[in-house]
Amino acid sequence: MALPLSRVSAEGRGSLLSWQFGEQFAPAALSPAAAAAAPRGGAAGESGGERRGRRAGPPAQRGGGGGRAMAVGLEEAFGATGEFGGGQRRLTALLVLLQVYVACQSMLIVLVGAVPEYHIDQGLPASRAELAKHIRFADNFTSIVTEWYLIEQEAYKVSLASSLFFAGLLIGNITFGPLSDKLGRKPVYISGLFFDVVFGYVTALAPNYDIFAVSRFFVGIVNGGMALVSFVLTQEYVGKSFWSFTGSLTNLTFAVGIAVYALLGYCVREWRYLALVSNTPGVIFLLLSFMLPESPRWLYSQGKTAEAEDVLQYIALGNGKERLNLKLKPSAGTPRKDESAPGILNLVKHPVLRWRTIILMYIWYVCSFVYYGLTLNAGELRGNLYLNVALSGLVEVPAFPLCMFFIEKSWSGRRKTMTCFLIFAGFACIFTMFLPTNSGLLLSPTLLALCGKMMVSAAFNIVYIYTSELYPTVLRNAGLGVCSMSCRFGGILAPFVPSMKSLSPSVPFVVFGISGLSAGFLTLLLPETLNKPIAESIEDLQSPKYQVLKNEETEQTS
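Residues numbered from 1 in each chain as written. Predicted model: local features only at pLDDT ≥ 70, side-chain atom pairs only at ≥ 80, totals over all residues. Heavy atoms only, no water.

*Asks:* Account for the overall build of the chain, naming residues and giving values.
*Replies:* Scanning the chain from terminus to terminus reveals 25 helices and four strands. For the chain, buried positions account for 58% of its 558 residues. In the form shown here, the chain has an accessible surface area of approximately 21900 Å², with 67% of it arising from carbon and sulfur atoms. (Helix = DSSP H or I, 4+ residues; strand = E, 2+ residues; numbered from the N terminus. Buried < 20%, exposed > 50% of the residue type's maximum accessible area, 1.4 Å probe, protein only. Areas by Shrake-Rupley, 256 points an atom, 1.4 Å probe, with all protein chains shown as cover.)

This is the structure in structure tokens:
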């Protein structure tokens, strides 16, 4: 299965990680006006940078309100405009539904490259022309296998096309994140979606295997990068208290999209028509995406406060509110004109971000590694091909309500919940090897492995949300991109682990189990982000608590 960068994802929708033992930000005191504006506790607050911005100058007049506007921080502004009003629901609905299209592109090779049963009348012919005369395919669908006879010595080409897609995802995650941090979310997202549609049609109309394989590579680049930026946009249109909801809904829609693709494949049995039908919704999403505004959080992080205020006014009007007398404080750490914007190297230079990124990269790698490993080791499902594809997506659906419940509770939060899900997935792998293959349904290794897959899917869902909250806005996409890159390596290595059964049947499960457990315990080294303010700039990470921890670390190493 493919993950939304979706898995995504990131797909979501990557790069990440700073390691300091403590909270991400010290709680900031709110003014009475700000506290009243925040409908949900903890979403509004001002970071140290915002407090510095308040001292930088007096409140300024903003047209449309007819009075002196009080300068507020970004989270306070979201509290005034609405954190998840009608206008924001329409914006996020478009990006969430886009995940159905992303899932169809990600899972395309599963049906388009399906290998039907076949029979060769005589020994394997020397030429393809002779093979076409003597081979008979049993099933009632077509694929690239039936059209280009990718069997026997040519069978590796199906896996090669799939590998090229994942290699493209890797490149897309690396490039699109920093690009959107520099150029803006909307232009990079729309460009990626445009080329995704173009190369999707090239895939459907490919006259030979070589063009098909190359088109899958380019689809991987733009699909992975576009899905990553769309996930970040989904988060940045709403208030922080709704990040977990929109993130979970995005990944849930991807899982449902896998089932939708299976339904399309059941109705459309000719692979070229299936590729065309799966790609066409992208045209609709592309046209609708031109109505999306730029991310107000990105504009604010770039010092474009006037444009950010205009977008917030647009959101407020969409939420049914009157025009607000709104003025944003200057963002701390805004790059000067003679200063380049923060780049991906800042993830290594900054000590907090450096350790955080190392840990998060490993967690993302393990999530992908265990997810694909459990999929491969759960046992082959007998029966209908399309039903099996649908179940592979629907089995993830129960994970999302569990995420939504636990990650918003003060006694669990993001960190403890993800730790528990990863540890449970690890134990599921280890316990599976103790069960006999002929045991009953309630104790079957397949059922336990599917439960483990559900748990690691939940961890995947949380890690997208958690990662978004651990990075400042100026580096959020770069962080997600780096982490999604490490995620791809997990997906690439997972298929090779079953070959370790030659050593012992339990070795693959031990490898996956230890990986899940180690990632679960490493998660405890990350700070909790529930009800904490979000950093807009790298300077916001320099809170007093971080400075104390940094000094303690220096003293211990000296």
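Moving on from the model shown.
*Asks:* Go over the packing of aromatic side chains with me, naming the residues and quoting the values.
*Replies:* Using the criterion set out here, one finds 18 aromatic pairs in the structure. Here the aromatic cluster, defined as three or more aromatic residues joined through ring pairs, consists of Phe-194, Phe-195, Phe-199, Phe-217 and Phe-218. (Phe/Tyr/Trp six-rings, centres within 6.5 Å; stacked < 30°, edge-to-face > 60°.)

*Asks:* Please provide a residue-by-residue account of helix 24 (residues 507-523), values included.
*Replies:* In this model helix 24 runs 25 Å from its N-terminal to its C-terminal C-alpha over 17 residues, within 8% of the 24 Å that 1.5 Å per residue would give. Looking at helix 24, one finds that the buried residues are Val-507, Pro-508, Phe-509, Phe-512, Gly-513, Ser-515, Gly-516, Leu-517, Ala-519, Gly-520 and Thr-523. (Expected span 1.5 Å × (residues − 1).)

*Asks:* Give a description of the side chain of Glu-236 that names residues and reports values.
*Replies:* Structurally, the position occupied by Glu-236 is in helix 11 (residues 209-236). Judged by its relative accessible area of 0%, Glu-236 is buried. In this structure, Glu-236 is in contact with Phe-78, Arg-185, Ser-295, Pro-296, Arg-297, Trp-298, Thr-473 and Arg-476, ignoring residues within four places of it in sequence. (Contact = heavy atoms within 4.5 Å.)

*Asks:* Explain the pattern of salt bridges to me, and be specific about the residues and the numbers.
*Replies:* Per the stated rule, a full pass over the model turns up seven salt bridges. Linking Arg-272 and Glu-147 is a salt bridge whose minimum nitrogen-to-oxygen distance equals 2.7 Å. Here Arg-272, found in helix 13 (residues 271-279), pairs with Glu-147, found in helix 8 (residues 144-148); they are 125 residues apart in sequence, far enough to count as distant. Taking the relative accessible area as the measure of exposure, Arg-272 reaches 18% and is therefore buried. Assessed through its relative accessible area of 30%, Glu-147 is described here as partly exposed. In this structure, the salt-bridge partner of Glu-236 is Arg-185, at a minimum N-O distance of 2.9 Å. Of the two residues, Glu-236 sits in helix 11 while Arg-185 sits in helix 10 (residues 185-205), which places them 51 residues apart along the sequence. (Salt bridge = Lys/Arg side-chain N within 4 Å of Asp/Glu carboxyl O.)

*Asks:* Pulling in residues and values, what's your account of the environment of Ala-535?
*Replies:* By the secondary structure assignment, Ala-535 is in the loop between helix 24 and helix 25 (544-557). Spatially, the C-alpha atom of Ala-535 lies 8.1 Å from that of Leu-470, the residues being 65 residues apart in sequence.

*Asks:* Describe in detail the nonpolar core, supporting the description with residues and values.
*Replies:* By size, the foremost hydrophobic cluster in this structure holds 63 residues, and its most contacted members are Leu-98, Val-112, Ile-144, Tyr-189, Leu-193, Phe-212 and Tyr-261. With sequence-adjacent residues up to four places away left out, Leu-193 is seen in contact with Leu-98, Tyr-101, Met-226, Gly-282, Phe-285, Leu-286 and Ser-289. Of all hydrophobic cores here, the second largest spans 57 residues; its members include Leu-228, Ala-399, Met-454 and Tyr-464. (Core = buried A, V, L, I, M, F, W, Y, C linked by side-chain atoms within 4.5 Å.)

*Asks:* Please give an account of the side chain of Arg-297 that cites residues and values.
*Replies:* In this structure, Arg-297 sits in helix 15 (residues 296-301). At 3.3 Å, the side chain of Arg-297 and the backbone oxygen of Val-238 are in polar contact. (Polar contact = N/O pair within 3.5 Å; in protein donor to acceptor, adjacent residues only side chain to side chain.)

*Asks:* Report on a nonpolar patch on the surface, specifying residues and quantitative values.
*Replies:* Judged by side-chain polarity, Phe-194, Phe-195, Val-198, Val-202 and Ile-211 come together as a nonpolar surface patch covering roughly 370 Å² of accessible area. The leading source of residues in the nonpolar patch is helix 10, at four residues. Here Phe-194 is to be found in helix 10. (Patch = residues over 30% accessible without salt bridge, like charges linked within 9 Å, V, L, I, M, F, W, Y side chains within 5 Å.)

These values are about where atoms sit, not about what they do.
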